[in-house]
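Each chain, written out:
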Amino acid sequence: MIDWKDRKEFWVAGARIADPVTGRIRTGSVLIRKGLIEEITWQKQVKTDLPVLEAGGLLLAPGFIDIHTHLREPGFEDKETIETGTAAAAAGGYTAIVCMANTDPVIDDPTVVEHVLKRAADSGNCRVYVIAAVTKGLEGVDICEYHHLKEAGAVALSDDGKYITNSQVMRSALEYAGMQGLVIISHCEDPYLTNESQMNESYWSTKLGLKGAHAASEEIAVARDIRLAELTGSMLHIAHVSTAGAVDLIKKAKKRGVVVTAEATPHHLTLDESMLEDYDRNLKVNPPLRGKKDIAALLAALRDGTIDCIATDHAPHTAIDKQVEFDLAPPGMIGLETSFAQLNTELVGKGELELIDLIRLMTSRPADVLGLPGGKMAEGEPADLVLIDPNERWTPERENLRSKSFNSPLLGKELTGRVQGVFLEGKWFSSII
Ligand code: NCD
Ligand code: ZN
Ligand code: ZN
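Residues numbered from 1 in each chain as written. Chains lettered and ligands numbered in written order. Predicted model: local features only at pLDDT ≥ 70, side-chain atom pairs only at ≥ 80, totals over all residues. Heavy atoms only, no water.

Chemist: Any chance you could break down the coordination of the zinc ion (ligand 3) for me, citing the residues and the numbers?
Modeler: Four donors placed tetrahedrally about a metal ideally form angles of 109.5 degrees, and six donors placed octahedrally ideally form angles of 90 or 180 degrees. Listed as protein donors to the zinc ion (ligand 3) are H68 (NE2), H70 (NE2), D160 (OD) and D313 (OD); their distances from the metal cover 2.0 to 2.2 Å. When the donor residues of the zinc ion (ligand 3) are listed from N- to C-terminus, their spacing reads H-x1-H-x89-D-x152-D. Metal-to-metal, the separation of the zinc ion (ligand 3) and the zinc ion (ligand 2) is 3.6 Å; D160 coordinates the two. Taken together, the residues H70 in the loop between β6 (64-69) and α1 (82-91) and D313 in the loop between β15 (309-310) and α11 (319-322) connect sequence positions 243 residues apart. Residue H70 shares its accessibility class with D313, and that shared class is buried. (Donors = N, O, S within 2.8 Å, 3.2 Å for Na, K, Ca; no water. Helix = DSSP H or I, 4+ residues; strand = E, 2+ residues; numbered from the N terminus. Buried < 20%, exposed > 50% of the residue type's maximum accessible area, 1.4 Å probe, protein only.)

Chemist: Report on the coordination of the zinc ion (ligand 2), specifying residues and quantitative values.
Modeler: Donor atoms from the polypeptide that coordinate the zinc ion (ligand 2) comprise D160 (OD), H187 (ND1) and H240 (NE2), at 2.0 to 2.1 Å from the metal. The exposure class of H187 is buried, given its relative accessible area of 5%.

Chemist: Tell me about the nonpolar core, and please be specific about residues and values.
Modeler: For soluble globular proteins, nonpolar side chains are generally found buried alongside one another. One finds Y146, L157, I238, V241, L269 and I307 to be the most contacted residues of the largest nonpolar core, which totals 84 residues. Both domains that furnish three or more residues to this core are identified here as domain 1 (9-60 + 381-430) and domain 2 (63-370). Sequence-distant contacts of L269, defined by excluding residues within four places in its chain, comprise A264, I295, L298, L299, L302, I310, L343 and L347. (Core = buried A, V, L, I, M, F, W, Y, C linked by side-chain atoms within 4.5 Å. Domains from an automatic or database assignment. Contact = heavy atoms within 4.5 Å.)

Chemist: Kindly report on the domain arrangement of the chain, identifying the contributing residues and their values.
Modeler: Along its sequence, the chain is organised into domain 1 (9-60 + 381-430) and domain 2 (63-370). Summed over both sides, the interface of domain 1 with domain 2 buries roughly 3100 Å², with 65% coming from carbon and sulfur. Here domain 1 and domain 2 share two salt bridges between them. We note a salt bridge from R127 to D384, for which the minimum N-O separation is 2.6 Å. The tally of links from domain 1 across to domain 2 stands at 18 residue pairs in polar contact (both at pLDDT 80 or more). Elements represented by at least two residues in the side of domain 1 that touches domain 2 include exactly β1 (9-19), β2 (24-33), β16 (385-394) and β17 (415-424). Counting residues per element, the side of domain 1 that touches domain 2 draws most heavily on β17, which supplies seven residues. (Buried area = accessible area lost by both parts, 1.4 Å probe. Salt bridge = Lys/Arg side-chain N within 4 Å of Asp/Glu carboxyl O. Polar contact = N/O pair within 3.5 Å; in protein donor to acceptor, adjacent residues only side chain to side chain.)

Chemist: Break down α1 for me, with residues and values.
Modeler: Along an α-helix, a turn takes 3.6 residues, which lines up residues three or four apart on a common side. Burial analysis of α1 places eight of its ten residues in the buried class, the great majority of the element. Listed in full, the buried residues belonging to α1 are I82, G85, T86, A87, A88, A89, A90 and A91. Close packing links the buried residues of α1 with β7 (94-99), α2 (110-123), β8 (127-132), β17 and β18 (427-430). Looking one or two residues past α1, G93 carries a phi angle of roughly 100°, positive in sign.

Chemist: Please give an account of the packing of aromatic side chains that cites residues and values.
Modeler: Counting across every chain of the model gives six aromatic pairs. With centroids separated by 4.9 Å and ring planes inclined at 50°, the aromatic side chains of F423 and W428 adopt a geometry described as tilted. The exposure class assigned to F423 is buried, which follows from its relative accessible area of 0%. Through a chain of ring-to-ring contacts, the aromatic side chains of F10, F423 and W428 assemble into a single cluster. (Phe/Tyr/Trp six-rings, centres within 6.5 Å; stacked < 30°, edge-to-face > 60°.)

What follows is the structure, encoded as structure tokens:
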């Protein structure tokens, strides 16, 4: 465990420095001064009068950026608050997150955007950007005033949790969002097809006696939104892609020049529907965990760039919310504190992805998708960095997580790779409690 008193000027020496832009990991040292990366050298040791943090070969990368977090505040502070959610983010290696609009009140008004940004500035443990709603109250009927939401600080628009079923509403939303240069992030599931479903529709849903949602419910939604993005020329981002068919649609759309980007979650990349055998409510999520072929398609899409980035869809729910009959449990699982370890264990560890590619998918790529700063290992950039031991084994438990909710299927399961902490503008936040 790194025991590091806060300093304003110091070297981090002898780290494996990961640069997602050049795609290289090289041993070197970084000088942090006044919250910025002042200098990067490729020397293991530095001659200096300044304090030195000996990194001992740990990995130093730009801080992770999560473009899909549910912070729950305002309205659902029993599940998570801005303070606990950003602490969970920092503990997971994130120095910036983008929070979703499905709060109460919904973030559909400039005053709510300002409120969240103010609360984040006061009590946040990482940078917070805000996604505002596409439609008032997430009701899919009246579109919000995007110009005012943008002025208040919103960086994107989403009715996440819900699909906008009225195609004319979505068309107008894309047109107006496009005029403001805002991306619309779409939760692609046709609710008439997913109606009361509990998991993916397959052999497994029949076997387990749970109502299924067919992959087509996602693919139909993706296909419509891609067509509307093509029609309007506006920017569309597909949240939590989970099926092989959706990957195929996105790939073809990109090929013909549609401005569409996409994300995949750690859970859809590593967990499959058969794991629902024990009816663990923490595995109930929207869209549902799919089959092994879908996972293979998602992995191929990460490698070939069809899927642009990884985003957690950190969706906290209390134990009381989840400890009910399976069909009454709300969908969603937390992810901020386990995402790196889970992906490092399951993908890097099993040869599915290179470590530097995983880092890129969690740093510069999400920044590019929403046009956010960060994700770069370069002199002059803010010192927003993550320090990782890719070989440390650890087991997530309630006691070592900071999120207010514990709805994770990974509790008690050993993982390889542990975030040690982050520097946020040079200020150290330890992950290890
Ligand atoms: C999310 C939530 O709980 O807010 N749940 C989920 O299953 N993913 C909503 C969402 O991301 O669609
Ligand atoms: Zn969603
Ligand atoms: Zn979500």
